[in-house]
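Here are the chains, one letter per residue:
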Amino acid sequence: MDLLTTELNTRLHNTRASTLWLVDENIQLDTAANPTVHVVGNRLDVIERLQQHGWQAAFSDFDLSGLAAGGFDQILYRVSKEKPVVHYLISEAQRLLRPDGQLVLLGDKGEGIRTYAKKAAECLGGSRQEQKLGKESWCAEITRGLTGGSCPEHQCYPELRPACEDTRHTYWSKPGLFGWNKIDRGSALLIEHLPNMLDTTLPLSGSVLDLGCGFGYLALNVAGGATRLVCSDNNAAALRACRHNLDQAGLTQAEVLAANAGDRLTPGFDTIVCNPPFHSGFSVDGDLTDRFLAASQRLLAVNGSACFVVNQHIPLERKAAGLFADIHTCLDSGQFKLVRLRQPINLQSQGYS
Ligand SMILES: C[S@@+](CC[C@H](N)C(=O)[O-])C[C@H]1O[C@@H](n2cnc3c(N)ncnc32)[C@H](O)[C@@H]1O
């Protein structure tokens, strides 16, 4: 366990004050639930895990509007990867902490923790104490003054806005989700080659699943004619953006579902499109690819096709062996691979359709 996690767990365990714990994707849980702590987080898998351990935890895109001003003695936050999220949560701390309350920020030097601590002290109008936990890691305690100061710019974090476009759509998005203001080049490549991969034309017919949908780029480009369209992600910001984009495109019947690697979905999709994640927080997580492959195997109809785009270095074909009987690399661009998976093995042997 790293030093930041140890420090966070100690504080979570010991606190008797009214505490808000803000969690992103980058936490490891190793402490029993503390009833004085209220948790808010934007990743479904993290929140569900905390709830299973007895924590009072809510899943949202850090929507703290329902929490009373000045209602907390303490806020604990291990800083997120994206600057606008951190800036937004520092600004919210100004509203949510009582005078003399404390914002405790934890992070590594390379993540900008010391700069965040300075900005937070200015915003909260109070004093700051920093403790070095190890070579790289820091814990900063910022006390809220009677009057707050100016808070760091968070680019209107909660609001969706037009973020990027192509000839077909304008995509609305927001900070807090993967590559929020650009079209992913791998995903664009998948859309370009999908008709060849499936030997058909777009839009697709039948039932379609966009697994790990982000703001809905793949869904919007494949699914105008689908009998059923499901988009799912574990990130609350992504789900909001995706719902908005589908509605704007008239796809109001499409379902947008919160799920951890598709775990809540029922099988039977004719087509699955997927650009799987391989980062979790600050680190690379190879297991995520395996989990997305296993979900596709479970969710695909016997005669369906799952079309993946991955970075060239990911051994998707090897990972998919044993899960699918038909694995075909349709394109290797040198940077991305497009892989079509058919005949999910378990479903076949069990005779499901
Ligand atoms: C590489 S992005 C692809 C986004 C979008 N499909 C596109 O093509 O632009 C991967 C997506 O997987 C989502 N994701 C990461 N971990 C997940 C998990 N455990 N369960 C569901 N979705 C997850 C991320 O939030 C992100 O939206």
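Procedures and definitions
- Residues numbered from 1 in each chain as written.
- Predicted model: local features only at pLDDT ≥ 70, side-chain atom pairs only at ≥ 80, totals over all residues.
- Heavy atoms only, no water.
- Helix = DSSP H or I, 4+ residues; strand = E, 2+ residues; numbered from the N terminus.
- Rg over C-alpha atoms; globule rule 2.2 N^0.38 Å.
- Buried < 20%, exposed > 50% of the residue type's maximum accessible area, 1.4 Å probe, protein only.
- Domains from an automatic or database assignment.
- Contact = heavy atoms within 4.5 Å.
- Buried area = accessible area lost by both parts, 1.4 Å probe.
- Near = heavy atom within 4 Å.
- Areas by Shrake-Rupley, 256 points an atom, 1.4 Å probe, with all protein chains shown as cover.
- Nonpolar A, V, L, I, M, F, W, Y, C, P; charged D, E, K, R; others polar.
- Phe/Tyr/Trp six-rings, centres within 6.5 Å; stacked < 30°, edge-to-face > 60°.
- Lys NZ or Arg CZ within 6 Å of the ring centre and 35° of its normal.
- UniProt positions renumbered as here; feature names shortened; annotations may be inferred.
- Pairing = 2+ DSSP bridges.
- Axes fitted to C-alpha atoms, helices over the stretch in contact; angles between N-to-C directions.
- Salt bridge = Lys/Arg side-chain N within 4 Å of Asp/Glu carboxyl O.

K.L.:
How do you make sense of the overall build of the protein when you look at a structure like this?
P.N.:
The secondary structure content of the protein amounts to ten helices and 18 strands. The globule rule puts the C-alpha radius of gyration for 353 residues at 20 Å, and the 22 Å found for the protein is close to it. In terms of principal-axis extent, the alpha carbons of the protein reach across some 65 × 40 × 35 Å. A burial count over the protein gives 52% of its 353 residues as buried.

K.L.:
What is the right way to look at the environment of C330 in this model?
P.N.:
Mapped onto the elements, C330 comes out in strand β17 (residues 324-332). For the pair C330 and R340, spaced ten residues apart in sequence, the C-alpha to C-alpha distance is 6.8 Å.

K.L.:
Help me understand the domain arrangement of the protein in this model?
P.N.:
Much of the literature gives interface size as the accessible area that the parts lose upon coming together. Entries for the protein in the domain assignment read domain 1 (3-143) and domain 2 (161-350). With centres defined by C-alpha atoms, the gap from domain 1 to domain 2 works out at 32 Å. Contact residues are listed per partner, giving 18 residues for domain 1 and 19 residues for domain 2. Both sides of the domain 1 and domain 2 interface together cover about 1400 Å² of buried area, and 53% of this is carbon and sulfur. Its largest share of buried area at the contact with domain 2, domain 1 owes to L44, D61 and K81, together 34% of the area lost on that side.

K.L.:
How should I be thinking about the site of the ligand in this particular structure?
P.N.:
As a structural note, the neighbourhood of the ligand is formed by 19 residues, with S187, G212, D233, N260 and A261 the closest of them. Against a free-state accessible area of 600 Å², the protein chains account for coverage of 93% of the ligand. No other element matches the three residues that helix α8 (residues 286-299) contributes to the shell around the ligand. Residues of the shell around the ligand, tallied by class, amount to nine nonpolar, seven polar and three charged.

K.L.:
What is the right way to read the packing of aromatic side chains from this model?
P.N.:
Centre-to-centre distance and the angle between the planes together describe a pair of aromatic rings. Under the definition given, this model contains four aromatic pairs. An aromatic cluster is built from Y171, F215 and Y217, whose rings are joined through pairwise contacts. The ring of W138 is capped by R114, whose NZ or CZ atom sits 4.0 Å from the centre of that ring. Above the plane of the ring of Y157 lies K174, whose end atom (NZ or CZ) is 3.5 Å from the centre.

K.L.:
What am I meant to see in the UniProt feature "domain: Methyltransferase small N-terminal" (unreviewed entry) in the protein here?
P.N.:
According to UniProt, the "domain: Methyltransferase small N-terminal" (unreviewed entry) feature falls on residues 33-124. In this annotation, residues 33-124 is assigned 38% helix and 30% strand; the end-to-end C-alpha distance for the span is 28 Å.

K.L.:
Can you help me understand the sheet that holds strand β3 (residues 56-59) in this one?
P.N.:
Strand-to-strand pairing in sheets goes through backbone hydrogen bonds, with the strands running parallel or antiparallel. Here seven strands make up an open sheet; going across it, the order is β3-β2-β1-β4-β5-β7-β6 and the pairing mixed. Looking at the sheet topology across the chains shown, the edges are occupied by β3 and β6 (128-132). Adjacent strand axes in the sheet meet at a mean angle of 15° when their direction is disregarded. Strand direction decides the pairing type here: strand β4 (residues 72-78) and strand β5 (residues 97-108), joined by six bridges, are parallel. Bridge pairing in β5 links R78 to L106. Contacts from helix α1 (residues 3-14) reach β1 (19-23), β2 (37-41), β4, β5, β6 and β7 (137-143) within the one sheet, and its direction differs from that of β5 by about 155°.

K.L.:
Teacher, can you tell me more about the sheet that holds strand β12 (residues 255-258) here?
P.N.:
One open sheet accounts for seven strands, arranged β12-β11-β10-β13-β16-β18-β17; its pairing is mixed. A single partner strand is all that each edge strand has here, and the edge strands are β12 and β17. Adjacent strand axes in the sheet meet at a mean angle of 20°, parallel and antiparallel pairs treated alike. Bridge analysis of strand β16 (residues 300-311) against strand β18 (residues 336-344) gives seven bridges, and the strand direction is antiparallel. Each bridged residue has a counterpart across the sheet, and for F308 the counterpart in β18 is V339. Across the sheet, helix α5 (residues 185-198) lies against β13 (269-274), β16, β17 and β18, angled at about 50° from β18, the strand it touches most. Lying over the sheet, helix α7 (residues 236-248) contacts β11 (228-233) and β12, oriented at roughly 180° with respect to β12.

K.L.:
I'm lost on the pattern of salt bridges in this one. Help?
P.N.:
Pairing between side chains becomes possible if they bear opposite charge and their charged atoms approach one another. In this structure the tally under the stated criterion is 17 salt bridges. Between R98 and D73 there is a salt bridge, and its shortest N-O distance comes to 2.6 Å. In this pair, R98 sits in strand β5 while D73 sits in strand β4, placing the two residues 25 residues apart along the sequence. Its relative accessible area of 32% is what places R98 among the partly exposed residues. Across the salt bridge formed by E130 and R128, the nearest N and O atoms sit 2.8 Å from each other. Given a relative accessible area of 28%, E130 falls into the partly exposed group.

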